[in-house]
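# Fold and geometry: a report
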Amino acid sequence: MRQFAQPFHRKIMQSRPDEIRTFIASANNNELLNWASSLRDEGFGSVQSYSPKVFIPLTKMCRDRCHYCTFARPPQKGESAYLTPEQVLEIAREGAKMGCTEALFTLGDKPELRYASVREELNELGHETTLSYLAEMCALALKETGLLPHVNAGVMTKEDMAALRKVSASQGLMLETLSDRLSQPGGPHYRSPDKDPARRLETIRYAGELAVPFTTGILIGIGETRDERIDALLAIRELHQRYGHIQEIIIQNFRAKDNTPMRHHPEPGLDDLRWTIAVARIIFGPEMNIQAPPNLSPETFPLLISAGINDWGGVSPVTPDHVNPEAPWPEVERLQIATASVNKTLVKRLPLYPAYCQDAKKWQDAALLPHILAHSDAEGFSRDDDWAPGKPFAPQVQPPLAQLTVTPEIEVIINRALEEKSLSEDDLVTLFHARGADLERICTAADELRKKVNGDVVTYVVNRNVNYTNICIYKCSFCAFSKGNTDDTLRGKPYDLNLNEIIRRIKEAQSRGATEVCLQGGIHPHYTGDTYLTLCRAIKAAVPDMAIHAFSPLEIAHGAETLNISLEAFLIMLKEAGLSTLPGTAAEILDDEVRAEICPDKLTTNEWLNVIEAAHKVGFRTTSTIMFGHVDTPRHWARHILHIRALQERTGGFTEFVPLPFVHMEAPMSLKGRARYGPTFREVRLMHAVARLAFHPVITNIQTSWVKLGQEGVSHCLQGGVNDLGGTLMNESISRAAGTKHGQEFPPERMEQVITSLGRIPHQRTTVYGNADEGQKQKSLTADSLTDIILTTPKRRTTNIQPPKM
């Protein structure tokens, strides 16, 4: 069999239509199928997607008379032509209850132009056209249930499509065929004016001009030739090359139905269907989503994957396929097993495919964006479940099906990491995309590496968080903690702790066994470098044995700037004042594309790295962090990790890496519908496990956040590369302000209970991973309850942290 080199195929995809026809004609079936399968795997790997949907047949009236259709029917006496708003909502709510994300609105073409009774009913509903009523019902389903409408509304004007764009995530129209002869007398489209190929191509073109993510495709076996199928696919390709809006190609095989003029027409066989799928994959290349409905090939649908499809289309746990009622959808469990039989992992998607979801600002009306973000994960697929960081219930981890095997590329990357070789950006993105068996293999490899590096010891530090002010001049869109100087409107009042309250809290922490105080706050407009120096000196004078872990890179930069001195000079002054270590917070995502959206006035990526590098150079150890799960993607995560690793290779100053999942509930950007609902738990597991592999051997401690994940969440992460549980905290303000429900303190006895339940060994540490003082350890295990904290009211044009009077 001939082997086609990848560059040659790139040339084919860019070739003229006559050259493509020649190429297809010159290849035999096996060559086409093998090449299509290779292209499918190049673009989509082990993922096979589907959309959980409800089918809402708004009307079955239609002005067309397609000879194969049982969906359309004439008005029936005593029956409504349209579903009522109440009926639409009943279907949509049942779908939402069953975990669907798509509301598929399907309807006949312009029945009001054929039937007077339909026009009268539309008038009673307050509409002149079916498409106007459709727009109202899409808006209703979206508002009341959050389901994302996908509309198959037939041939439309550009104005009608623009109106539907405001209330639907995607739209679709099957081209079906480019053959005019099928509309002649005796043909399947005779007396069906809306099946005119030119009109259908015009509708598809309108979608491109309006930036509507669009589904189209061909119907095979209705009398067209193979050359005519290629003609139709090439016509679609030409429009997609011009506008980039075709998100999906459907290859649908004709099924003969009783009580239709084509009930005795022969159906296309499996080989014919697979040939057509393969040709579509070759014409459109590895990036196009190609679908074939599984219910139309119920006994053989797994074989369609090797022909080139990567998607099963919409599958409903609630409603039948009203267009093909004789062909029920396979249950999702059967679909999952059948997909796994060819070593692919079934993944839920939205009606909007991932590439269009990640670029949603281009492809969506602004009103749809919050709904899409609420449903999507970092790749643009559907979220796994309702879990989100900070929510008061445990995440669910489903083991992959036994027949799934690990992708060879994943093993290659893991082995490279274990050999202490640096991973590339693309390597890391590949790991972050892992699902099913690949996900579990990454977590297992990370935990085996953790055991090799750290043994079975799990460390934690007894500390107290003191957030000395929530007043901040920055307006980071993810932050629910900071406030203006007199802003009482959002989650409590502004405060600015006085020095006496700060010292009182630290002394109390020491009496309860703490060896570290973690100090951070907003950038108060009246704080200067002297404020931070005064704070360190006062703490060191009052509690000399307490390690001061304080001041984010943003606070360091602010302090140096206000004193008009260099970063290094200010850091040396802080060291002399008693500062022990720095938290590597305010990193968020070290990619300026993301920072421009979530914290545009904050430090840039290079500025953050410069502060940390300066701290390392003057002898400070710091942590490193990532705050993920909002508007970021796996590629952003990869870049962030590579920045941290490169700096660690230069300085060796990082003690640990701390993934901080975004808590969305009260974050301003979430309340405005501008962020996802935090990472999924699959993404949380991957972040910790990939970090273990990616940082080996330069960062050996990977920490997980109990504040964000809760006890069950951190237990899973401890089995996927994590060796540290962070601090007991005593007080936690920032995540709590964002909405987390996992409390303010995780006392040592609970820490140790979680650790020992996994067969691991708990160990109290210091900030820099030394052994905690034995006396302090005993205090921590028998500590009294905390006294109430005092939030000092801010003073105008000054701060409460003042130098001691002489």
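Residues numbered from 1 in each chain as written. Predicted model: local features only at pLDDT ≥ 70, side-chain atom pairs only at ≥ 80, totals over all residues. Heavy atoms only, no water.

Glancing now at the overall build of the protein chain. From N to C terminus, the protein chain includes 30 helices and 17 strands. In terms of overall dimensions, the protein chain is globule-like: its C-alpha atoms have a radius of gyration of 30 Å, near the 28 Å expected for 806 residues. Seen through its principal axes, the protein chain has C-alpha atoms that stretch 105 × 65 × 50 Å. In the protein chain, 78% of the contacts between residues at least 6 apart in sequence involve partners at least 24 apart. Of the roughly 31200 Å² of accessible surface on the protein chain, a fraction of 50% belongs to carbon and sulfur atoms. When the 89 positive and 98 negative side-chain charges of the protein chain are each reduced to one mean point, those points stand 2 Å apart. (Helix = DSSP H or I, 4+ residues; strand = E, 2+ residues; numbered from the N terminus. Rg over C-alpha atoms; globule rule 2.2 N^0.38 Å. Contact = heavy atoms within 4.5 Å. Areas by Shrake-Rupley, 256 points an atom, 1.4 Å probe, with all protein chains shown as cover. Lys, Arg positive; Asp, Glu negative; His and termini not counted. Charge placed at Lys NZ, Arg CZ, Asp CG, Glu CD.)

So, about the side chain of His558. Mapped onto the secondary structure, His558 falls in helix α20 (residues 553-563). On the accessibility criterion, His558 (10% relative accessible area) is buried. Apart from the residues within four sequence positions on either side, His558 is in contact with Ile523, His524, Tyr527 and Tyr532. (Buried < 20%, exposed > 50% of the residue type's maximum accessible area, 1.4 Å probe, protein only.)

Per the stated rule, a full pass over the model turns up 52 salt bridges. As a salt-bridge pair, Asp231 and Arg21 come within 2.4 Å of each other at their nearest N and O atoms. Residue Asp231 is found in helix α9 (residues 226-243), and its partner Arg21 is found in helix α2 (residues 17-26); the two are separated by 210 residues along the sequence. Owing to a relative accessible area of 26%, Asp231 belongs among the partly exposed residues under this scheme. Between Glu228 and Arg181 there is a salt bridge, and its shortest N-O distance comes to 2.9 Å. (Salt bridge = Lys/Arg side-chain N within 4 Å of Asp/Glu carboxyl O.)

The description of an aromatic ring pair uses the distance of the two centres, along with the angle that the planes make with each other. One pass over the structure, following the stated rule, counts 11 aromatic pairs. For the pair Tyr356 and Trp363, a centre-to-centre distance of 5.0 Å together with 70° between the ring planes defines the contact as edge-to-face. One exposure class covers both Tyr356 and Trp363, and it is buried. With 5.2 Å between their ring centres and 75° between their planes, Trp387 and Phe681 make a pair best called edge-to-face. Of this pair, Trp387 sits in the loop between α14 (369-375) and α15 (408-418) while Phe681 is found in helix α26 (residues 681-695), placing the two residues 294 residues apart along the sequence. Among the aromatic residues, those joined into a ring-pair cluster are Tyr468, Tyr527, Tyr532 and Phe551. The cationic tip of Lys575 hangs over the ring face of Phe620; the distance from NZ or CZ to the ring centre is 4.5 Å. (Phe/Tyr/Trp six-rings, centres within 6.5 Å; stacked < 30°, edge-to-face > 60°. Lys NZ or Arg CZ within 6 Å of the ring centre and 35° of its normal.)

This part takes up empty space enclosed by the protein. Throughout the structure, instances matching the rule amount to three cavities of 30 Å³ or more. Here the second largest cavity defines a volume of roughly 50 Å³. Every residue lining the second largest cavity is listed: Ser46, Asn343, Thr345, Leu404, Thr405, Thr407, Arg435, Ala437 and Asp438. Here the lining of the second largest cavity is built from residues that sort into two nonpolar, five polar and two charged. (1 Å grid on protein atoms, 1.4 Å probe; cavity = no way out; pocket = protein on both sides within 12 Å on 5 of 7 lines; lining within 4 Å. Points joined across faces, edges and corners; volume = space filled by probe spheres on them. Nonpolar A, V, L, I, M, F, W, Y, C, P; charged D, E, K, R; others polar.)

Put simply, the largest pocket is a space of about 1500 Å³. Together, 44 residues line the largest pocket, and Glu42, Gly43, Phe44, Pro286 and Glu287 are the ones closest to its centre. For the lining of the largest pocket, the residue count by class is 17 nonpolar, 16 polar and 11 charged.

A separate point is the packing of helix α4 (residues 85-97) against helix α6 (residues 130-145). Taken N-terminus to C-terminus, the directions of α4 and α6 make an angle of 40°; their axes are 10 Å apart at the nearest point. Between α4 and α6, the angle is such that the two are oblique. Note on packing geometry: the crossing formed by α4 with α6 is right-handed. Mapping the contact onto sequence places Pro85, Val88, Leu89, Ala92, Arg93 and Ala96 in α4 and Tyr133, Met137, Leu140, Ala141, Glu144 and Thr145 in α6. Of the residues assigned to the contact of α4 with α6, the class counts are nine nonpolar, one polar and two charged. (Axes fitted to C-alpha atoms, helices over the stretch in contact; angles between N-to-C directions. Parallel < 35°, antiparallel > 145°, perpendicular 65-115°, else oblique. Left-handed = near helix turned anticlockwise from the far one by under 90°.)

Turning our eyes to something else, we now look at α15. Every buried residue of α15 is listed here: Ile410, Ile413, Ile414 and Ala417. Each buried residue of α15 sits inside an arc of 100° when the element is viewed along its axis, so together they form one side. Contacts made by the buried residues of α15 are with α16 (425-432), α17 (436-454) and α26. Glu420 sits one or two residues past α15 and shows a positive phi near 65°. (Arc of directions from axis to C-beta.)

Running from N to C, α26 and helix α27 (residues 706-718) point in directions that differ by 50°, and their axes come no closer than 10 Å. By the angle between their axes, α26 is oblique relative to α27. Read as a crossing pair, α26 and α27 show a hand that is right-handed. Seen from α26, the contacting residues are Phe681, Val684 and His688; seen from α27, they are Leu709, Gly713, His716 and Cys717. Each residue belonging to the contact of α26 with α27 can be placed in one class, and the counts come to four nonpolar, three polar and no charged.

So, on to the sheet that holds strand β12 (residues 516-520). A sheet is described by the order of its strands in space; here three strands give the open sequence β11-β12-β13, paired in parallel fashion. Each end of this open sheet is capped by a strand with a single partner; those strands are β11 (463-467) and β13 (547-550). Between one strand and the next, the sheet's axes are offset by a mean angle of 25°, whatever the strand orientation. Judged from the five bridges that link them, β11 and β12 form a sheet pairing that is parallel. Paired with Val466 across the strands is Leu519, a residue of β12. (Pairing = 2+ DSSP bridges.)

Moving on, we come to unusual backbone geometry. For the peptide bond that leads from His696 to Pro697, omega is 0°, which places it in the cis range. Despite not being glycine, Arg191 shows a phi value in the positive range, around 65°. Structurally, Arg191 can be placed in the loop between β4 (170-172) and α8 (197-209). One non-glycine residue, Asn259, adopts positive backbone phi at about 65°. Here Asn259 is to be found in the loop between β6 (246-253) and α10 (270-284).

What follows covers α6. With 16 residues, α6 extends 22 Å between its outermost C-alpha atoms, agreeing within 8% with the 22 Å of an ideal straight helix rising 1.5 Å per residue. What α6 keeps buried is the set Thr130, Leu131, Tyr133, Leu134, Ala135, Met137, Cys138, Ala141, Leu142 and Thr145. Looking one or two places after α6, you find Gly146, whose phi comes out positive at around 80°. (Expected span 1.5 Å × (residues − 1).)

What follows covers the pairing of strand β3 (residues 148-152). For a regular strand, side-chain orientation follows a simple rule: the groups alternate between the two sheet faces. With four of five residues buried, β3 lies mostly within the body of the structure. For strand β2 (residues 102-107) and β3, the ladder comprises five bridges, and the chain directions are parallel. Looking across to β3, one finds that Glu102 is bridged to Leu148. For β3 and β4, the ladder comprises two bridges, and the chain directions are parallel. By the bridge assignment for β4, His150 is matched with Ser170. Note on the crossover from β3 through helix α7 (residues 158-165) to β4: the handedness is right-handed. (Right-handed = clockwise from strand over helix to strand, strands pointing away.)

Ile442, Phe478, Leu519, Phe551, Leu574, Leu579 and Trp608 are the most contacted members of the largest nonpolar core, which totals 119 residues. Element by element, the count of residues in this core is highest for α26, at 10 residues. For Phe551, the residues in contact, after removing those within four places along its chain, are Tyr468, Leu519, Gln520, Tyr532, Leu535, Cys536, Ile556, Leu574, Leu579, Leu582 and Pro583. Listed in part, the 88 residues of the second largest apolar core include Tyr50, Ala103, Leu201 and Leu210. (Core = buried A, V, L, I, M, F, W, Y, C linked by side-chain atoms within 4.5 Å.)

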